[in-house]
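Residues per chain are reported as follows:
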Amino acid sequence: MRLAISLSLAALVGCSSSPSTSTSTDQDASANDSSVGKEGGFAPEGGGPLPDAAGGDSLVSSFAFMGCNRIKKADWDPVADPASANMGQLQQTFIDVAALGDVPKYFFFVGDMVLGLTDSTMLSGQLDAWAKVYAASPIASKLTLVPAPGNHEMLTKATKVETSNVGSDAVWVKWTAANGFDQKAGNGPVNGGANQDALQDDQSRISYSFDDGDTHYVVLNTDTWTTTPDSTTGSTQIGWVALKWLTADLQAAEANGKIARTYIFGHKPLVPPAGVTGADATINTALVPAMETLLDTSAKVKGYFCAHAHLWDDQKLSGKRGVHQIIAGNAGSPLETAWATPSYGFTVVRTYASGKVGVVGYRRPVPTPYYASTTIAATKTAELVIAP
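Rules of the game
- Residues numbered from 1 in each chain as written.
- Predicted model: local features only at pLDDT ≥ 70, side-chain atom pairs only at ≥ 80, totals over all residues.
- Heavy atoms only, no water.
- Helix = DSSP H or I, 4+ residues; strand = E, 2+ residues; numbered from the N terminus.
- Buried < 20%, exposed > 50% of the residue type's maximum accessible area, 1.4 Å probe, protein only.
- Contact = heavy atoms within 4.5 Å.
- Areas by Shrake-Rupley, 256 points an atom, 1.4 Å probe, with all protein chains shown as cover.
- Phe/Tyr/Trp six-rings, centres within 6.5 Å; stacked < 30°, edge-to-face > 60°.
- Core = buried A, V, L, I, M, F, W, Y, C linked by side-chain atoms within 4.5 Å.
- pLDDT = per-residue confidence, 0-100.
- Arc of directions from axis to C-beta.
- Pairing = 2+ DSSP bridges.
- Right-handed = clockwise from strand over helix to strand, strands pointing away.

### What about the overall build of the protein chain?
- A count of helical and extended segments in the protein chain gives seven helices and 16 strands.
- Across the 388 residues that make up the protein chain, the buried fraction comes to 59%.
- Partitioning the intrachain contacts of the protein chain with sequence separation of at least 6 by distance along the chain shows that 70% fall at a separation of at least 24.
- Of the roughly 14400 Å² of accessible surface on the protein chain, 55% is carried by carbon and sulfur atoms.

### A short note on the packing of aromatic side chains
- The tally for this structure, following the rule as stated, stands at 27 aromatic pairs.
- Considering the side-chain rings of tyrosine 217 and phenylalanine 265, the 6.4 Å spacing of their centres and the 25 degrees angle between planes classify their relative orientation as stacked. Pair noted here: tyrosine 217 is in strand β8 (residues 215–219) and phenylalanine 265 is in strand β9 (residues 261–265), with a separation of 48 residues, a long-range link. For the pair tyrosine 217 and phenylalanine 265, a shared accessibility class is recorded, and that class is buried.
- The structure contains a cluster of three or more aromatic residues connected by ring pairs, namely Phe63, Phe65, Tyr106, Phe108, Phe210, Tyr217, Tyr263, Phe265 and Phe305.

### Quick notes on the nonpolar core
- Core analysis: the biggest nonpolar cluster contains 60 residues, and Phe63, Phe65, Phe108, Leu246, Met291, Leu295 and Phe305 have the highest contact counts within it.
- Once residues within four sequence positions are removed from consideration, phenylalanine 63 is found in contact with Pro104, Tyr106, Phe108, Tyr217, Tyr263, Phe265, Phe305, Thr347, Val348 and Val349.
- Judged by nonpolar contacts, the second largest core, of 39 residues, contains Leu90, Phe107, Phe109 and Met154.

### Some points on the confidence of the model for the protein chain
- Residues of the protein chain with pLDDT of at least 70 account for 85%, and the chain-wide mean is 87.
- Below a pLDDT of 50 lies the segment residues 1–54, which in the model reaches 151 contacts outside its immediate sequence neighbourhood of four places, other chains included.

### Concerning helix α5 (residues 168–178)
- Of the positions making up α5, those classed as buried are Ser168, Asp169, Val171, Trp172, Trp175 and Thr176. All buried residues of α5 project into a common sector of 160 degrees when viewed along the axis, lining one side. Exposed and facing more than 90 degrees away from the buried side of α5 are Ala170, Lys174 and Ala178.
- Looking at the packing, one finds that the buried side of α5 touches α3 (120–135), β4 (144–148) and α4 (151–154).
- Following α5 by one or two positions, glycine 180 adopts a phi angle in the positive range, close to 70 degrees.

### Topic: the pairing of strand β3 (residues 106–110)
- Here β3 lies mainly inside the structure; five of its five residues are buried.
- Of the two faces of β3, the one holding Tyr106, Phe108 and Val110 and the one holding Phe107 and Phe109 are both buried throughout.
- Note that strand β2 (residues 59–66) and β3 share four bridges and pair parallel. From the neighbouring strand, phenylalanine 65 faces β3, where its bridge partner is phenylalanine 108.
- Examined bridge by bridge, β3 and β4 share five bridges and lie parallel to one another. Bridged to phenylalanine 108 within β4 is valine 146.
- Handedness of the crossover is the feature at issue here: the chain leaves β3, passes through α3, returns alongside β4, and the resulting connection is right-handed.

Next comes the structure, spelled out in structure tokens:
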């Protein structure tokens, strides 16, 4: 059974005490980004230190994550905003994260940083402009940014259909290297040898994993360029994940006595929020059952953290353990229209000495228009424990 919770502004002001459901269509004109979410499940907090949901545990480490900050194509001004990002929300998030009492060690940006879905030259220009904004931000010297690509960075779009973009991998690898965003990359899947993951090219610096102390982190490209054909588009299949590589990586982490927990990051979810339809709403549907099983049977996996849907959602994946999938796709892109009380912001995941893992959402109201500048600091929500 899957349980879903969508975090809304109602949770911040205490005006929602019971679940509600809603249906929407993404304002990016994609019929596959509609969603239904359940409100509630998070109590409001006052100021001061974050609550100790782990029952008196000391905080060991934390990371921030979010995705989907790119602006809508019709609203993009290439001169005023060469990064094609929602600059108001992006810059305020950078300010808010820098002001946290415990600044996270890592910031995972799980895709759709820029508008993309275009040729290599334009994609490169957008990413370069984004990097300049980040370099000038107050968090650039305080933490390590770990970006994961989304469909807007990896794919192209013609006649309303997204397909593989043959130049995007090279653009991404060059960009992350040039800006020092690839510090942890390099051990990922390659297309040599048996090529069990059916890869078109070397993915070792786009999907990869790394250890920090007793924690294992896995970054996934959820639109990996594959050799597997798509008869519908005449291109190759999208939503591809290097599952064989991931299996071996998680097995190694499970066998490593020094590793206590694993966190996995990708752009596309395994399971969409209730009501989302369409073949590209998740990773490739042919891979979903095996990946759900893999995460469930890998006991150290504490969560899968993603975006793609423009809302905040928590649900348990299939399996005996019910691994949490957290969607934080409310970084600044146009939100799902039926999300009853929408908000922008970011999410912090906290690890405690006991091993418990808590999730704290930080939310701010949506301005009109959605890309307007803002100086409103995000308000934190109560902590949701996702792993004992």
